[in-house]
Amino acid sequence: MKYFNIAGPCDRARHYMIEPSTRIKGVERLIDMEQYFVIHAARQSGKTTYLNDLTDRLNAAGQYYAIYCSLESLQGITDPREGIPEIVTKIKNTLKKLNFPYATEFAKNPDLDNFTDVLNMELTLFCKILDKPLVILFDEADCLSDDTLITFLRQLRDGYNSRSRIPFVHSIALVGMRNIRDYKAKIRPDSASLGSASPFNIVTKTYMLKNFTKDEIRSLYQQHTDDTGQQFDEAAIDTVYEQTQGQPWLVNAIACEVITEMLDYDYSKPVTKELVEEAIQTIILRRDTHIDSLLERLKEERVRKVIEPVIIGGIEQVSVLSDDYQYVIDLGLIRNEKHITIPANPIYAEVIARTLSADDQKYITTETPDFEIPRYLKNGRIDMDFLMLDFQQFWRNNSEIWEQRFDYLEAAPHLIMMAFLQRVVNGGGQIHRDMAAGTGRLDLCLVYENEKYPIELKIRYDTKTLEKGLVQTARYMGLYGCSKGWLAIFDRRKTVEWDSKLFLRNETFDGKEITVVGL
């Protein structure tokens, strides 16, 4: 019986999977043209599955010898005196494991001390004896670093440039999480350079392995339906797509959670939207390895410089053309939609917010045991004004201490309010977060018992903050069909006393009632 795979590359015999050959178009044509190219995508997007399939297809067609070679084990080896011989050994061992034709002829007597040329030399000698052109797909190529990376790329480029006279590898793919431009960024701080604009300027094309479309998700789930008869409601598929934006691991993980854990393989029960939503919350709270490893990146300074503006709604601090911005895109943490930078999907937005405010939520839980939904209920609805008054006092008592320990200092007000609200709704209810750099705001919507409470968060920068905030809050309320909303404005001026900062004031704008919360 096949299943939804969430660990390692997919296998046609064991796993439900999207046909790998459909995920990137034009690679075989580039190989026929003897080109070198790059494939990149975020972790667990299906790169290795695609490469294994491409290798099998190339070898089955009989025109080339193709090998898949992962360089992951070389991570952290910066000295090329050690790194380059390890790459040669890695290729040699890969050929042996595959019982590859002529495998024993590769690097029979390598001069490993000649680390500046040994890879070039051994690949040249090997290509001379082969009766078909050689294609190498180097996976995890971005694990190489510093001088090992430079020396590796230099030798490949030298071999490429000499191919008209001396045999060398017919086509090479460098595959990893990052685009080739980040290889450049990684080595540029050092004085070592290849003397060109790019360390691998012979590359013809860069491919990005994209996420699943909604039709592909439907097709993937249909494979399970065909095998078991278990149906996926259309609303469930819509929710999976909306929440994951087609990220392959998440798409598989949600199906796996519902079918194996929640329904315990009871194929008579359909997969519904409600089950999908519950599975998503479980995955978020459980923080599986995929999510945990991704969120470790939040500690990196170059990631903070991009993610923080996304949280607070401003992107002025970072250029969308910068290497830092592209790096975070390549990590799969953000995407650019209609010139607005947003988290890659709502699930990542949720885990980013929860991760960055996790310590604060624990503190809130300990110090304010009564701050739960029952405290704020009035006639079955949340008394948001009462809740906001509690937060005002909480913010006044804790803001200065907490801000000092925040790595994401500019986003501290937003993160602390999210932690506070998360504490409140943990007893029942949800928070919808809408982060979008370039909008100048953070949108939150607290949902309890099908009632919606839209909240707009802004930082006071000038006298026009209130005016802009009212316009944005009214627009946000319109999206949810609400006639009542809240605009929270954090006044960061040091010269203003707390008694002047803290207030609740009702405003009417565009026919909507908006409570302005001064903080």
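For the structure itself, look to the data block above.
First, a word on scope: everything that follows refers to the structure included in this document. (Residues numbered from 1 in each chain as written. Predicted model: local features only at pLDDT ≥ 70, side-chain atom pairs only at ≥ 80, totals over all residues. Heavy atoms only, no water.)

### Brief notes about the pairing of strand 12 (residues 451–460)
Heads up, the rule is: We call a residue buried when its accessible area falls under 20% of the maximum for its residue type, exposed when it is over 50%, and partly exposed in between, using a 1.4 Å probe and counting protein chains only. Strands are runs of DSSP state E lasting at least 2 residues, helices are runs of H or I lasting at least 4, and numbering of each runs from the N terminus. Following DSSP output, two strands are said to pair if at least two bridges run between them.
Buried residues dominate strand 12, accounting for 7 of its 10 residues. Bridge count between strand 11 (residues 442–448) and strand 12: 7 bridges; the pairing is antiparallel. Bridge pairing in strand 12 links V447 to K452. In this antiparallel pair of consecutive strands, strand 11 and strand 12, the connection spans 2 residues, and E449 shows a positive phi of 50°. As judged from the 6 bridges shared by strand 12 and strand 13 (residues 484–491), these two strands associate in the parallel manner.

### Let's talk about the sheet that holds strand 15 (residues 512–518)
In any sheet, the strands associate via hydrogen bonds between backbone groups, in a parallel or an antiparallel arrangement. Keep this limit in mind: Geometry is summarised by axes, namely lines fitted to C-alpha atoms with helices restricted to the contacting stretch, and by angles between N-to-C directions that run from 0 to 180 degrees. Throughout, a residue-residue contact means that at least one pair of heavy atoms, one from each residue, lies within 4.5 Å.
In spatial order, the strands read 10-11-12-13-15-14; together these 6 strands make up an open sheet with mixed pairing. Strand pairing shows two members of the sheet lacking a second neighbour, strand 10 (430–435) and strand 14 (503–509), which therefore form its edges. The mean inter-strand angle of the sheet, taken between neighbouring strand axes irrespective of direction, is 25°. Contacts from helix 19 (residues 465–480) reach strand 10, strand 11, strand 12, strand 13, strand 14 and strand 15, with the element oriented near 155° to strand 12.

### Here's the deal with the side chain of D53
Short version of the rule: For this analysis, a polar contact is any N or O atom pair within 3.5 Å, provided that within protein one partner can donate a hydrogen and the other can accept it, and provided that sequence-adjacent residues contribute only side-chain to side-chain pairs.
Within the fold, D53 resides in helix 2 (residues 47–61). Of the residues examined, D53 reaches a relative accessible area of 9% and is grouped as buried. Among the polar contacts made by the side chain of D53, one reaches the side chain of R57 at a distance of 2.6 Å. Not counting chain neighbours up to four residues away, the residues in contact with D53 comprise R12, E19, P20 and S21.

### Some words on the pattern of salt bridges
For the record, the criterion: For this document, the term salt bridge refers to a Lys or Arg side-chain nitrogen within 4 Å of an Asp or Glu carboxyl oxygen.
Overall, the coordinates contain 30 salt bridges when judged by the stated rule. R302 is the partner of D324 in a salt bridge, and the nearest nitrogen-oxygen pair spans 3.1 Å. Taken together, the residues D324 in helix 13 (residues 323–331) and R302 in helix 12 (residues 301–312) connect sequence positions 22 residues apart. Measuring nitrogen to oxygen at the nearest pair gives 2.7 Å for the salt bridge that ties D491 to R493.

### Here's the deal with the pairing of strand 3 (residues 134–139)
For a regular strand, the rule is simple: side chains alternate between the two faces of the sheet. Stated formally: Classification remark: right-handed applies to a crossover when, strands pointing away from the viewer, the course from the first strand over the helix to the second runs clockwise.
Where burial is concerned, most of strand 3 is hidden: 6 out of the 6 residues are buried. Burial of the side chains of strand 3 extends over both faces: L134, I136 and F138 are buried on one face and V135, L137 and D139 on the other. In terms of strand pairing, strand 2 (residues 65–70) meets strand 3 through 6 bridges, oriented parallel. Bridge assignment links Y68 to a residue of strand 3, and that residue is L137. In the sheet, strand 3 pairs with strand 4 (residues 171–176) via 4 bridges, with the strands oriented parallel. Note on strand 4: the bridge partner recorded for V135 is S171. Between the parallel elements strand 3 and strand 4, the chain passes through helix 5 (residues 146–161) in a crossover that is right-handed.

### Observations regarding the environment of F394
In this structure, F394 sits in helix 17 (residues 384–404). With relative accessibility at 5%, the residue F394 sits in the buried group. C-alpha of F394 to C-alpha of G429: the two residues are 35 residues apart in sequence and 21 Å apart in space.

### Overview of the sheet that holds strand 4
One open sheet holds the 5 strands; their spatial order is 2-3-4-1-5, and the pairing between them is parallel. The sheet terminates laterally at strand 2 and strand 5 (203–208), the two strands that pair on one side only. Ignoring which end each strand starts from, the neighbouring axes of this sheet average 15° apart. As defined by bridge partners, strand 1 (residues 36–40) adjoins strand 5 across 5 bridges and the pair is classed as parallel. Along strand 5, the bridge assignment pairs Y36 with V203. In this fold helix 5 packs onto strand 1, strand 3 and strand 4, with an angle of close to 155° to the strand it touches most, strand 4.

### Things to note about helix 15 (residues 358–367)
Stated formally: The directions considered for the arc are those from the helix axis to the C-beta atoms.
D360, Q361 and I364 are the residues of helix 15 that are buried. All buried residues of helix 15 fall inside an arc of 100° around its axis, so they share one side. Pointing more than 90 degrees away from the buried face of helix 15 are the exposed residues D359, K362 and T366.

### Comments concerning the environment of Q231
Along the chain, Q231 turns up in the loop between helix 7 (214–228) and helix 8 (234–244). Assessed through its relative accessible area of 45%, Q231 is described here as partly exposed. Note: C-alpha distance between Q231 and P270 (39 residues apart in sequence) is 4.9 Å. Filtering out sequence-adjacent residues up to four positions away, Q231 remains in contact with T225, P270 and V271.

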